Amino acid sequence: MHVKIPFISRIGAEEEEAWIEALNKELSSCTVVSYSKSRSEEFSLSEVALVANPNPQDLRALPKLRWVQSLWSGVEALIETARSQDFALVRMKDPQLAQTMSEAALTWTLYLHRSIPKYRQQQNKKLWIKRKLKQPSECTVGVLGMGALGHAAAERLRANGFKVVGWSRTERESNGIRCVCGDSGLLEVFSMANIVVILLPLTQHTLRIINKPLLTKANPGISIINLARGQVIDEEALLAALDDGLVDHAVLDVFDNEPLEQSHPYWKHPGVTVLPHVSAPTNKSTAAKIAALNIDRYFSEGAVPTEVDSQLGY
Ligand code: NDP
């Protein structure tokens, strides 16, 4: 019997159709079909599901689920369901995504290093003022999270001449990039960095980790680039630190609520650059190849790909 894999999403019919087409082009062992367009009884024996921002309730309707392939890299919204339903949660790990994210980290670091927000403000006032140009080697960039994305970003920043220091949960040697860990390591990064790039997963430990006590001890005039999840930052603390001049500028790609509410003070704050979650969208063709390989391997060898640690939350 030919196996059907449910595609469970809340990404819109057209986008879902495009994903299903891309996945079926790569798969040899089975066929992906839309969960919402099928009868749920068809999946009563399904061991595998593909998801893109699913309603966790839909996964509960699949009693035989062994593992779930997420097409996104961040899976914090599914951790609880995976734990309670006892299936393996596999997140998207795509070298193309890491490259795209490292490009974003470099873009926004150069944007800050080259004082573009300040020149924009000068232009608004028709001011012709040249600012002193520093070399990248005079600028220390802290990268919070040295995983697939953070490591690629750190490498790219270093290759462009920036001094880079990484922060991770466990001690690690990162191809010659200095990497610190723990609370003291975080404090060290914030006390020495000119720019901090956030590429941490959202977990119970990273929730609001960028908060008032930390910002108060930070290198005065530090800038922050958040490419991970909005909830990593305490918004009120960041706004206060921007107003007090403790933080010079924040480039924010992610927010507590997306889209960012019209009334949110970030929109008009001169110290904030708002981006609509665009740093590193999943690339359909490369991601479909990776997901299909994982699924084909499962049906030929029975191997479940490396899963997210549900205790750690990433
Ligand atoms: P990984 O799981 O590969 O890496 C996570 C890193 O964070 C690891 O280095 C880990 O440390 C570190 N970390 C986790 N918890 C802590 C902690 N409590 N203290 C210090 N360090 C910690 O994740 P990725 O690099 O693939 O992705 C990171 C996040 O980026 C995703 O979870 C997602 O939220 C976000 N993302 C955002 C996108 C966007 O468009 N804005 C697109 C894609 C992803 P250790 O090495 O010790 O385990």
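In this report, we go over the structure that sits alongside the text. (Residues numbered from 1 in each chain as written. Predicted model: local features only at pLDDT ≥ 70, side-chain atom pairs only at ≥ 80, totals over all residues. Heavy atoms only, no water.)

Along the chain, the position of Ser 174 falls in the loop between strand E7 (163-168) and strand E8 (178-181). With sequence-adjacent residues up to four places away left out, Ser 174 is seen in contact with Met 146 and His 151. (Helix = DSSP H or I, 4+ residues; strand = E, 2+ residues; numbered from the N terminus. Contact = heavy atoms within 4.5 Å.)

Of all residues adjacent to the ligand, which total 28 residues, the nearest are Leu 149, Thr 170, Arg 172, Leu 227 and Tyr 314. Between the ligand and the protein, one listed contact pairs an oxygen atom with a side-chain N or O atom of Thr 170 at 2.5 Å. In the model, an oxygen atom of the ligand is placed 2.6 Å from a nitrogen or oxygen of the Tyr 314 side chain. Contact with the protein chains hides 92% of the accessible area of the ligand, taken as 940 Å² for the molecule alone. When residues of the shell around the ligand are assigned to their parent elements, the largest contribution, three residues, is made by helix H6 (residues 148-159). (Near = heavy atom within 4 Å. Polar contact = N/O pair within 3.5 Å; in protein donor to acceptor, adjacent residues only side chain to side chain. Areas by Shrake-Rupley, 256 points an atom, 1.4 Å probe, with all protein chains shown as cover.)

Moving on to the pairing of strand E4 (residues 67-70). Neither face of E4 is left uncovered, since the one carrying Trp 67 and Gln 69 and the one carrying Val 68 and Ser 70 both have all their residues buried. Sheet topology note: the strand E3 (residues 48-52)/E4 ladder contains four bridges and is parallel. Paired with Val 51 across the bridge in E4 is Ser 70. Bridge count between E4 and strand E5 (residues 88-90): three bridges; the pairing is parallel. Bridging from a neighbouring strand, Val 68 pairs with Leu 89 of E5. Note on the crossover from E4 through helix H3 (residues 79-85) to E5: the handedness is right-handed. (Buried < 20%, exposed > 50% of the residue type's maximum accessible area, 1.4 Å probe, protein only. Pairing = 2+ DSSP bridges. Right-handed = clockwise from strand over helix to strand, strands pointing away.)

A few words now on the pattern of salt bridges. Enumeration according to the criterion identifies eleven salt bridges in this entry. The partner of Lys 289 in a salt bridge is Glu 26, and the shortest N-O contact between them spans 3.7 Å. On the criterion of sequence distance, the pair formed by Lys 289 in helix H10 (residues 284-301) and Glu 26 in helix H1 (residues 13-26) is long-range, its members being 263 residues apart. A relative accessible area of 28% means that Glu 26 is categorised as partly exposed. A salt bridge links Glu 41 to Arg 39; the shortest N-O distance between them is 3.2 Å. (Salt bridge = Lys/Arg side-chain N within 4 Å of Asp/Glu carboxyl O.)

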